[in-house]
Amino acid sequence: MAATQSLSLSKPSPLSPPLTTTPRFFSKPSLPSFLSETTPRKPLFITSSKNPISEIILSNKPKSSSQNDDVFIDDDKPREECGVVGIYGDSEASRLCYLALHALQHRGQEGAGIVTVNNNVLQSITGVGLVSDVFNESKLDQLPGNLAIGHVRYSTAGQSMLKNVQPFVAGYRFGSVGVAHNGNLVNYRTLRAKLEEKGSIFNTTSDTEVVLHLIATSKHRPFILRIVDACEKLEGAYSIVFVTEDKLVAVRDPFGFRPLVMGRRSNGAVVFASETCALDLIEATYEREVFPGEVIVVDNNGIQSLCLMSHPQPKQCVFEHIYFALPNSVVFGRSVYASRSQFGEILATESPVDCDVVIAVPDSGVVAALGYAAKAGVPFQQGLIRSHYVGRTFIEPSQKIRDFGVKLKLSPVRAVLEGKRVVVVDDSIVRGTTSSKIVRLLKEAGAKEVHMRIASPPIIGSCYYGVDTPSSEELISNRMSVEEIRDFIGSDSLAFLPINSLHNMLADDSPNFCYACFSGKYPVEPRELKVKRVGDFVDDGLNGSLEQIDGGWVQANRNTKEVNASTGL
């Protein structure tokens, strides 16, 4: 197999062979002629937006956290910001992008968009809602071309949320560019303030728009070096796909916080996606990850791999394996299913308890529960049935029913639970409110004992790298001991995955993961007093300074809870 081509290529047909080697470092001033931009071109792009706000948002004002805890069980979980897809070299690019976004729907359910290139024109359709809400046959017919990028996002709901739905498309003096971003920039305020001082005008409150401005204002002429120049100014997490009139570009931050993989279809089309489950759905063969700090450019000249910058020890998000990714994905080179099964086995070995049945909090706790049951030699059964037909838009009854939010989503199976000593496996505890309701639900259904086993260490720190977590003050493990949490949720026993056991399981890969949410030690420390929350502001219509926006910023907490040295944190 041919080695990776870097900066000097003969024109392949249709694309160069798979990449197999590590990208080279390069010096920015010297580039081959095929990377040079021509004279300025008139930017061309067409956008269309579907905004069924009235259909999905009952009130312009966000619910309080206490209301959310009553209404939506999933609001007591960390939320992944988004998923990205890029496709080059397939005449059905928009439809393949649509299918791949379906596979990534778990990474974001509140907005979706696709940008394609046809006759050197970037065409965009974005909308609020699920992928199937935003796109239909007629919409996809409006997106011809063999080059596309797509995005699904999680965000907080605001009246003008559509502005922040990606991919973004913008024109600058050398053409048009589209961008889809997964991650979060911890120096967003500083970058935006500097750009505004130089005259930049922002249309959204998304940190992704900063990237577009940095590209447009870069002094470098070739587009690839504009991207490199822009990314060298970014701090935080970013896995990004860009599209121009003739190029697809994938970039991953030097720490590799968020996943991004590369695959190829049988016809030679190159695919980038946040998870391998998207490749599987569109019948693309997984080739490898995009390396931390790497820029991959795909165009008519083939594939070029460049090194964005010298990167330190990778710090990949361990929560991808705990919660975010689908079990059938391979993330950071490891099977998510295998990881979660091992988490359950560790819990059964290190925190055993006499029990009659093992159940899971569906769906994210299922694989760990299977691992626990197999190791403990206790039957796994479905003690909780999840309803997949309850969305985030049902009308709240005028008279509150205790725990109705949990009951709408999870139904206990009395035949499995009644008179039994039950082990319940869940992936994490955040605020603890949902866990307490689940324990009460199980006991009301007749469970004799309820033992909670959590397939992650205690979460004590907020994430600034693309995961929407509560402030540290709201995290129950940052305020209470394990015994205090057990008492709060009402379980007969409680145990978390020991951090040392997690390190041992990951073995030689252990130093390559980020554990900031468990330790409060951040690989990229937020230097600003406040950092932008993942997701949108409640109202992104800016009429003044960023300080005037309420609720969009959280304090950069550096004084985390002291943890017992025995935890290894």
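All chains use their own residue numbering, which begins from 1 and follows the written sequence. Since the coordinates come from a predicted model, pLDDT governs what is reported: local features require at least 70, and pairs of side-chain atoms require 80 or more to be given and counted, while whole-chain, interface and lining totals use all residues. Side-chain metrics in this entry use all non-hydrogen atoms of the structure; hydrogen atoms and water are not considered.

Counted only if it meets this: UniProt positions are given in the numbering used here, feature names are shortened, and annotations may be inferred rather than shown by experiment.
Per an unreviewed UniProt entry, the chain goes by the name amidophosphoribosyltransferase and belongs to Trifolium pratense. Comment text from UniProt for the chain, heading Cofactor (unreviewed entry), reads "[4Fe-4S] cluster". As its UniProt record puts it under Catalytic activity (unreviewed entry), the chain is described as follows: "5-phospho-beta-D-ribosylamine + L-glutamate + diphosphate = 5-phospho-alpha-D-ribose 1-diphosphate + L-glutamine + H2O".

Topic: the overall build of the chain
Condition: Helix and strand labels come from DSSP, where a helix needs a run of H or I of at least four residues and a strand needs a run of E of at least two; each type is numbered from the N terminus. For every residue, the accessible area obtained with a 1.4 Å probe (protein chains only) is divided by the maximum for its type, and the residue is called buried under 20%, exposed over 50%, and partly exposed between those limits.
Looking only at helices and strands, one finds 19 helices and 28 strands in the chain. Burial analysis of the chain (569 residues in total) assigns 60% to the buried set.

Digging into the sheet that holds strand S19 (residues 357-360)
Rule in force here: Whether two strands pair comes down to DSSP finding at least two bridges between them. All axes are obtained by fitting lines to C-alpha atoms, using only the stretch in contact for helices, and the reported angles, taken between N-to-C directions, cover 0 to 180 degrees.
With respect to topology, four strands assemble into an open sheet ordered S19-S22-S23-S25, the strand pairing being parallel. Looking at strand neighbours, the two that pair on one side only are S19 and strand S25 (493-496), the edges of this open sheet. This sheet shows a mean twist of 20° between the axes of neighbouring strands, independent of strand direction. Taken together, the four bridges between S19 and strand S22 (residues 421-426) define a ladder with parallel strand orientation.

Brief notes about the packing of aromatic side chains
We apply this condition: A pair of Phe, Tyr and Trp rings is counted when the ring centres sit within 6.5 Å of each other, with Trp represented by its six-membered ring. The angle between the planes then sorts it: under 30 degrees is stacked, over 60 is edge-to-face, the rest tilted. Any Lys NZ or Arg CZ found within 6 Å of a ring centre and within 35 degrees of that ring's normal is scored as a charge over the ring.
Counting across every chain of the model gives 11 aromatic pairs. With centroids separated by 6.3 Å and ring planes inclined at 80°, the aromatic side chains of tyrosine 98 and phenylalanine 135 adopt a geometry described as edge-to-face. Of the two residues, tyrosine 98 sits in helix H3 (residues 93-103) while phenylalanine 135 sits in the loop between helix H4 (131-134) and helix H5 (137-141), which places them 37 residues apart along the sequence. By relative accessible area, phenylalanine 135 is classed as buried at 3%. A ring pair is formed by tyrosine 465 and tyrosine 522, whose centres lie 6.3 Å apart and whose planes are at 70°; its orientation type is edge-to-face. Within this pair, whereas tyrosine 465 is found in the loop between strand S23 (449-454) and strand S24 (467-468), its partner tyrosine 522 is found in the loop between helix H19 (516-519) and strand S27 (530-532), the two being separated by 57 residues in sequence. Overall, the relative accessible area of 2% leaves tyrosine 465 in the buried class. Given a relative accessible area of 9%, tyrosine 522 falls into the buried group. Three or more aromatic residues joined by ring pairs make a cluster, and in this case those are Phe255, Phe257, Tyr464, Tyr465 and Tyr522. One cation-aromatic arrangement involves arginine 192 over phenylalanine 202; the distance from NZ or CZ to the ring centre is 4.3 Å.

Points about the pairing of strand S10 (residues 248-252)
Of all five residues in S10, five are buried; the element is thus mostly enclosed. Direction of pairing for strand S9 (residues 236-243) relative to S10: antiparallel, over a ladder of five bridges. Residue pairing across strands places serine 239 opposite arginine 252, the latter belonging to S10. Count of turn residues in the S9/S10 antiparallel hairpin: four residues. With four bridges joining them, S10 and strand S14 (residues 294-299) adopt antiparallel strand pairing. Looking at S14, one finds that valine 251 is bridged to valine 295.

Points about the state of the cysteines
For the record, the criterion: By convention in this document, the label disulfide applies to cysteine sulfur atom pairs within 2.5 Å.
For the structure shown, the criterion picks out zero disulfides. Residue cysteine 514 stays outside any disulfide, its sulfur separated by 6.6 Å from that of cysteine 463, the closest cysteine.

Quick notes on the side chain of histidine 181
Where we set the bar: The contact criterion used throughout is that any non-hydrogen atoms of two residues lie within 4.5 Å.
The residue histidine 181 is located in strand S8 (residues 175-185) in this model. The exposure class of histidine 181 is buried, given its relative accessible area of 0%. Residues contacting histidine 181, with those up to four places away along its chain left out, are Cys82, Val84, His151, Gln166, Asp207, Thr208, Ala237, Tyr238, Ser239 and Ile240.

What to know about the pattern of salt bridges
Operational definition: In the sections that follow, a salt bridge refers to a side-chain nitrogen of Lys or Arg positioned within 4 Å of a carboxyl oxygen of Asp or Glu.
One pass over the structure, following the stated rule, counts 20 salt bridges. With a shortest N-O distance of 3.1 Å, arginine 192 and glutamate 196 are connected by a salt bridge. Taken as a pair, arginine 192 and glutamate 196 lie in helix H6 (residues 188-197) at a separation of four residues, close to a single helical turn. Looking at arginine 192, the relative accessible area reads 1%, which means it is buried. Connected via shared salt-bridge partners are Arg107, Arg258, Glu275 and Glu320.

Focus on a positive patch on the surface
Under the convention used in this document: Only residues whose relative accessible area exceeds 30% and that form no salt bridge are eligible for patches; like-charged ones are grouped when within 9 Å, while nonpolar side chains (Val, Leu, Ile, Met, Phe, Trp, Tyr) are grouped when within 5 Å. The Shrake-Rupley method, run with a 1.4 Å probe, gives the accessible areas here. Residue values count only the displayed protein chains as cover. For the purpose of counting charges, residues Lys and Arg are taken to be positive, whereas Asp and Glu are taken to be negative. His and the chain ends are not included. Charge placement uses NZ in Lys and CZ in Arg. For Asp and Glu, CG and CD serve respectively.
A surface patch of positive charge is lined by Arg173, Lys194, Lys198, Lys219 and Arg221. Here arginine 173 shows up in the loop between strand S7 (168-172) and S8.

Let's talk about helix H11 (residues 336-350)
Since there are 3.6 residues in each turn of an α-helix, residues three or four apart along the chain are aligned in direction. Basically, it comes down to this: Multiplying 1.5 Å by the helix residue count minus one yields the expected span of that helix.
The terminal C-alpha atoms of H11, which comprises 15 residues, lie 21 Å apart, in line with the 21 Å expected from a rise of 1.5 Å per residue. Taken residue by residue, H11 has Val336, Ser339, Arg340, Ser341, Phe343, Gly344, Ile346, Leu347 and Ala348 as its buried positions.

A few points about the sheet that holds S8
Reading across the sheet, the six strands line up as S7-S8-S9-S10-S14-S15 and stay open at both edges, with antiparallel pairing between neighbours. What marks the edges here is a single partner per strand, and that holds for S7 and strand S15 (302-307). Each strand of the sheet is rotated relative to its neighbour by a mean of 20°, with strand direction disregarded. Where S8 lies against S9, eight bridges are found, and the strand directions are antiparallel. Residue pairing across strands places valine 179 opposite phenylalanine 242, the latter belonging to S9.

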